[in-house]
Amino acid sequence: MGSGKSITCESCGDKKMYYLGVGFAFSNVFNIIDQFPLGAQKKIKYISSFFQIERQDMSYEVFECRVCDTSHSRIHLSIKYNNGMVYNPLYRCPECRRKLFKSKRQLQNYKCRRCGKYSLKNSKTKFIIWD
Ligand SMILES: [Zn+2]
Ligand SMILES: [Zn+2]
């Protein structure tokens, strides 16, 4: 079961949803393959047709761009195959195209992606169940 957080910017009123956790469709990567960038889709198809997939883990996580100091909701995927090889798709920031990293910070500490100010606030409607 997954949940979501909504963050609102107090300066410009921009609202963003962040999904967190695991949904029902997440039992198999092919149920959600169209959520990944095209290059990652190709790689996943390639791996699954040439190798035995030993383990697949996926969940919604928050990723950060360390250049823009913004946060992004993405699916973290880890596929183990071919005796311990691991594949993780690479995400890029939609603004500056740098690599996104998994975030450990609070969502309200990032810059607003619309106005660039540090004025994000957790909404009162904290969690919604989306599966
Ligand atoms: Zn960026
Ligand atoms: Zn804003």
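Residues numbered from 1 in each chain as written. Chains lettered and ligands numbered in written order. Predicted model: local features only at pLDDT ≥ 70, side-chain atom pairs only at ≥ 80, totals over all residues.

1. Considerations on the overall build of the protein chain
Convention followed: We count a stretch as a helix when DSSP gives it H or I for four or more residues in a row; a strand needs E for two or more, and each element gets its number in order from the N terminus. Our exposure labels follow a C-beta count within 10 Å of each residue's own C-beta, placed from the backbone: buried means 20 or more other C-beta atoms, exposed means 12 or fewer, and partly exposed covers the counts in between. Note on contacts: each residue gets a C-beta atom placed from the backbone, and two residues are in contact if those atoms are within 7 Å.
When helices and strands are counted, the protein chain shows one helix and eight strands. Overall, the protein chain shows an N-to-C arrangement of helices and strands of β-β-α-β-β-β-β-β-β. For the protein chain, the spread of C-alpha atoms along the principal axes amounts to about 50 × 30 × 20 Å. The proportion of buried residues among the 131 residues of the protein chain is 17%. In the protein chain, once contacts between residues fewer than 6 apart in sequence are set aside, the share between residues at least 24 apart is 63%.

2. Section: the confidence of the model for the protein chain
Just so we agree on the cut-off: Known as pLDDT, the predictor's confidence for each residue is given on a scale from 0 to 100.
Looking at the protein chain as a whole, its pLDDT mean stands at 91, while 93% of the residues score no less than 70. Of all helices and strands in the protein chain, the one with the weakest mean pLDDT is strand β8 (residues 128–129) (59), whereas strand β5 (residues 85–87) scores best (97).

3. Considering unusual backbone geometry
You will see that Asn 83, though not glycine, has its phi angle at about 60°, which is positive. Mapped onto the elements, Asn 83 comes out in the loop between β4 (70–81) and β5. Accessibility expressed as a C-beta count within 10 Å gives 8 for Asn 83, which makes it exposed. Within the chain, Arg 97 stands out as a residue other than glycine whose phi angle is a positive 65°. By secondary structure assignment, the location of Arg 97 is in the loop between β5 and β6 (101–102).

4. Focus: the nonpolar core
Under the convention used in this document: A set of buried residues qualifies as a nonpolar core if it consists of Ala, Val, Leu, Ile, Met, Phe, Trp, Tyr and Cys joined through C-beta atoms within 7 Å.
Judged by nonpolar contacts, Tyr 19, Val 29, Ile 44, Met 58, Tyr 60, Ile 75, Leu 77 and Ile 79 together constitute the single largest core of eight residues. It is β4 that contributes the most residues to this core, three residues altogether. Each residue touching Ile 44, except ones within four places of it in the same chain, is listed here: Val 29, Ile 33, Phe 36 and Ile 79.

5. Some points on the pairing of strand β1 (residues 2–9)
Rule in force here: Whether two strands pair depends on DSSP finding at least two bridges between them.
The sheet contact formed by β1 and strand β2 (residues 15–21) spans seven bridges and is antiparallel. By the bridge assignment for β2, Ser 6 is matched with Met 17. In sequence, β1 turns back onto β2 through a hairpin of five residues, with Gly 13 there showing a positive phi of about 80°. Bridging between β1 and strand β7 (residues 120–122) involves three bridges; their strand directions are antiparallel. Bridged to Cys 9 within β7 is Leu 120.

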